[in-house]
Amino acid sequence: TKSETRELVNVYAQLAKQLGVTTQEVVNGATEWLRQGYTVQESQKLVTASVYLSKLGMIESGQATEYLTSVLKGFKLETSEAVSVVDKLTKVDLEAATSAGNIAEALSRTSVSAQNVGVDLDRLIGYVTEVLQVTQKSASSVGESFKTIFARYQNVKASAFKSMDLSEEAAETTEGINDIERVLNKVGIKIRTSSKEFASFDSILAQLAENWIKYSSVEKAAISTAIAGTRQRENFLVLMENYNEAMDIAATSTASAGTAE
């Protein structure tokens, strides 16, 4: 009703005053969240998060909403967790040679794929941030490169699947289901926990990082090409060579509550 709309605009005006922005910015941001099916109460929490990201990440409000939407839906997060996502991005921004806006854009390109392969949000922030600051490539290209890597990890070739033993008793097949499994089997790393289930990608990276210095140049080339392909190989190598730094960033992301505010 008209009276309810007036009351809502008053709420938005108060929120705008708290955030130091115009009422119009808050109304526009809230409208975008409402269009996605969120309630009025949820939109107030979400618009706070998107305004924080827009101002602190130095990006347009529409972009902030788009990036946050992707992360929230990709990792199946609640609306109450939106500000905590911005906390993570802004805390890392303070310590890394890239911006919260760039990190958010990279995450938006790969959040769904990352969640599908068992990558934790804090670790994903560590991965993309380290590659961003070392390579200084565009956020979109870094995000897409991780999307490609995650897709390759769970690629199952039809010919291999046809010959697989999917019984509960079968721990593995004689033929690897993809190039990654074939190569990593050679260095003693299993990408499946059973015949039907992949191990989390985080656990595979941790095992590779632990032994990376021991691998020969040929082994490193084979692993990086199998996991990332020829075009994304450089980004993967950067991550492996700087894995400890990426984990430091992930730890920073974990301990970030309240940073945005």
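For the structure, check the block above.
The structure reproduced in this document is the subject of the present report. (Residues numbered from 1 in each chain as written. Predicted model: local features only at pLDDT ≥ 70, side-chain atom pairs only at ≥ 80, totals over all residues. Heavy atoms only, no water.)

Focus on the packing of aromatic side chains
Item 1. In this structure the tally under the stated criterion is 8 aromatic pairs.
Item 2. With 5.3 Å between their ring centres and 80° between their planes, Phe 150 and Phe 201 make a pair best called edge-to-face. Within this pair, whereas Phe 150 is found in helix α8 (residues 139-153), its partner Phe 201 is found in helix α11 (residues 201-211), the two being separated by 51 residues in sequence.
Item 3. Among the aromatic residues, those joined into a cluster by ring pairs are Tyr 127, Phe 146, Phe 150, Tyr 153, Phe 198 and Phe 201. (Phe/Tyr/Trp six-rings, centres within 6.5 Å; stacked < 30°, edge-to-face > 60°. Helix = DSSP H or I, 4+ residues; strand = E, 2+ residues; numbered from the N terminus.)

Thoughts on the environment of Gln 41
Item 1. Looking at the secondary structure, you find Gln 41 in helix α3 (residues 40-56).
Item 2. Classification of Gln 41 as exposed rests on a relative accessible area of 56%.
Item 3. Each C-alpha atom of the pair Gln 41 and Leu 132 lies 35 Å from the other, and the pair is 91 residues apart in sequence. (Buried < 20%, exposed > 50% of the residue type's maximum accessible area, 1.4 Å probe, protein only.)

A look at the side chain of Ser 43
Item 1. As for its position among the elements, Ser 43 is in helix α3.
Item 2. By relative accessible area, Ser 43 is classed as buried at 0%.

Focus: the nonpolar core
Item 1. Grouped together as the largest cluster of nonpolar side chains are 74 residues, with contacts concentrated most on Leu 208 and Phe 236.
Item 2. Residue contributions to this core peak at 8 residues, all from helix α12 (residues 217-241).
Item 3. When residues no more than four places from it in sequence are discounted, the contact partners of Leu 208 are Leu 184, Ile 189, Tyr 215, Ile 223, Ile 227, Phe 236 and Met 240. (Core = buried A, V, L, I, M, F, W, Y, C linked by side-chain atoms within 4.5 Å. Contact = heavy atoms within 4.5 Å.)

Quick word on the side chain of Thr 252
Item 1. With respect to the secondary-structure elements, Thr 252 resides in helix α13 (residues 243-254).
Item 2. There is a polar contact of 3.4 Å between the side chain of Thr 252 and the side chain of Glu 95.
Item 3. In this view, Thr 252 contacts Lys 91, Val 92 and Glu 95; residues no more than four positions away in its chain are not counted. (Polar contact = N/O pair within 3.5 Å; in protein donor to acceptor, adjacent residues only side chain to side chain.)

Let's talk about the pattern of salt bridges
Item 1. On inspection of all chains with the given rule, the structure shows 8 salt bridges.
Item 2. The residue Glu 234 makes a salt bridge to Lys 137 at a minimum N-O spacing of 3.4 Å. Within this pair, whereas Glu 234 is found in helix α12, its partner Lys 137 is found in the loop between α7 (121-135) and α8, the two being separated by 97 residues in sequence.
Item 3. In this structure, Arg 182 engages Asp 179 in a salt bridge whose closest nitrogen and oxygen atoms are separated by 3.0 Å. Separated by 3 residues within a single helix, Arg 182 and Asp 179 lie in helix α10 (residues 179-186), roughly one turn from each other.
Item 4. By relative accessible area, which is 30% here, Arg 182 ends up partly exposed.
Item 5. Looking at Asp 179, the relative accessible area reads 35%, which means it is partly exposed. (Salt bridge = Lys/Arg side-chain N within 4 Å of Asp/Glu carboxyl O.)

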